[in-house]
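Architecture and fold: a report
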Amino acid sequence: MGDVLAGFHAAWEFESDSVLIRFERGIRTPKLFQALGERRIPLEAIAAVTLSPGKRGTMVLHAVPRPGADPLMEAAAGQLKDGCDPYRLVLPAERETLAEYYADELRAQIPGESEPPDRYLVAAPEAPLQFKAYDGKASFDGKQVSFRWFWTGASSAKWKAGDQSFPVTDLCGIEWRSPELFEGHLRLLRRETPVAQPAQADQDPAAVVFGLGYGPVHESLPFAASVLAAVRTSGPAGPALTAGGTGTGASVTPAVRRDPADIADRIRHLGELHQAGLLTDEEFTTKKAELLAEL
């Protein structure tokens, strides 16, 4: 095709074998789009195309990715809000006819394969990548992931374990829980460990936790996707837990009695979230009671 369809925050360029999505840079553009810059989506990575009414006189052209085709969407595991979905192009309603034309053209060209591909078809964000979590700094150079703990946020369990480095060859997947959800975190799932990984991310030296602006989506999700793609390239991996999923990529043990100092740190963190308006009074009270019950 070779034509361009411009919408709010992005423009799609239709090519013979792919769609090149170029994201705008601007104060109103979602930060995730700005971080991604542009993405080339092969037609074989698309499962379906829809066109539906949007909000306030807009239309939404949505290319639905095939499961297992895009490491970014696999890491996100359905947690992205609609406004941050890179596969949605929001258009003025007056472009509906033009959008229908391109939607039909895409539908006619996508292969329509139902089985998950044996490799990622969409390129992951390139390393090196890094971001600041609540309890440490995460870095990825393409071959290994490193966590350096912050004394202001890391639990005593992580301080005792020391700073961590994980070669991707030792990993079988990742678990990303959005920072926009309660208890967001990035956990690395290891192929083999001498002991099972702790259930709580704040106690697991193979995880960093988010909160209060730490580990934002536009930084932690591309990071997670890049690690996930490197893990898949490094060798076969079992089913991986992703963002609260139900896979079995790593065993997780039931919670054990926690250090009172760690409980106090978590309650302080809850208080900061509550003061920032990110937790309701009821949510704060309920979670605080749960933490106190673990003493």
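Coordinates for the structure precede this section.
If you're wondering where the values come from, they're calculated on a predicted model, not measured in any experiment. (Residues numbered from 1 in each chain as written. Predicted model: local features only at pLDDT ≥ 70, side-chain atom pairs only at ≥ 80, totals over all residues. Heavy atoms only, no water.)

Let's shift gears to the sheet that holds strand E1 (residues 4-6). With antiparallel pairing, four strands are arranged side by side in an open sheet as E1-E2-E3-E4. The two strands at the open ends of the sheet, each matched to only one other strand, are E1 and strand E4 (38-42). Strand-to-strand twist of the sheet, defined as the mean angle between neighbouring strand axes without regard to direction, takes the value 20 degrees. In this sheet, strand E2 (residues 10-14) lies alongside E1 in antiparallel orientation, the contact comprising three bridges. (Pairing = 2+ DSSP bridges. Helix = DSSP H or I, 4+ residues; strand = E, 2+ residues; numbered from the N terminus. Axes fitted to C-alpha atoms, helices over the stretch in contact; angles between N-to-C directions.)

Judged by nonpolar contacts, the single largest core of 62 residues is most densely connected at Ile 174, Trp 176, Leu 186, Leu 188, Leu 221 and Val 227. Ranked by the residues each element gives to this core, the list is headed by helix H5 (residues 217-234), at 10 residues. If we ignore the near neighbours within four places in the chain, the residues touching Val 227 are Phe 140, Val 145, Leu 171, Ile 174 and Leu 188. (Core = buried A, V, L, I, M, F, W, Y, C linked by side-chain atoms within 4.5 Å. Buried < 20%, exposed > 50% of the residue type's maximum accessible area, 1.4 Å probe, protein only. Contact = heavy atoms within 4.5 Å.)

The next point concerns the packing of aromatic side chains. Applying the stated criterion to the full structure yields 10 aromatic pairs. Between the aromatic rings of Tyr 101 and Tyr 102, the centroid separation amounts to 5.1 Å while the plane-to-plane angle is 70 degrees, which identifies the pairing as edge-to-face. Here the aromatic cluster, defined as three or more aromatic residues joined through ring pairs, consists of Trp 12, Phe 14, Tyr 101 and Tyr 102. The ring of Tyr 120 is capped by Arg 232, whose NZ or CZ atom sits 4.3 Å from the centre of that ring. (Phe/Tyr/Trp six-rings, centres within 6.5 Å; stacked < 30°, edge-to-face > 60°. Lys NZ or Arg CZ within 6 Å of the ring centre and 35° of its normal.)

Computed from the structure, the second largest pocket encloses a volume of approximately 480 Å³. Contributing to the lining of the second largest pocket are 16 residues, with His 9, Arg 56, Thr 58, Arg 88 and Val 90 lying nearest its centre. Of all the elements in the fold, those that place two or more residues in the lining of the second largest pocket are strand E6 (58-65) and strand E7 (88-92). The class makeup of the residues in the lining of the second largest pocket is six nonpolar, four polar and six charged. (1 Å grid on protein atoms, 1.4 Å probe; cavity = no way out; pocket = protein on both sides within 12 Å on 5 of 7 lines; lining within 4 Å. Points joined across faces, edges and corners; volume = space filled by probe spheres on them. Nonpolar A, V, L, I, M, F, W, Y, C, P; charged D, E, K, R; others polar.)

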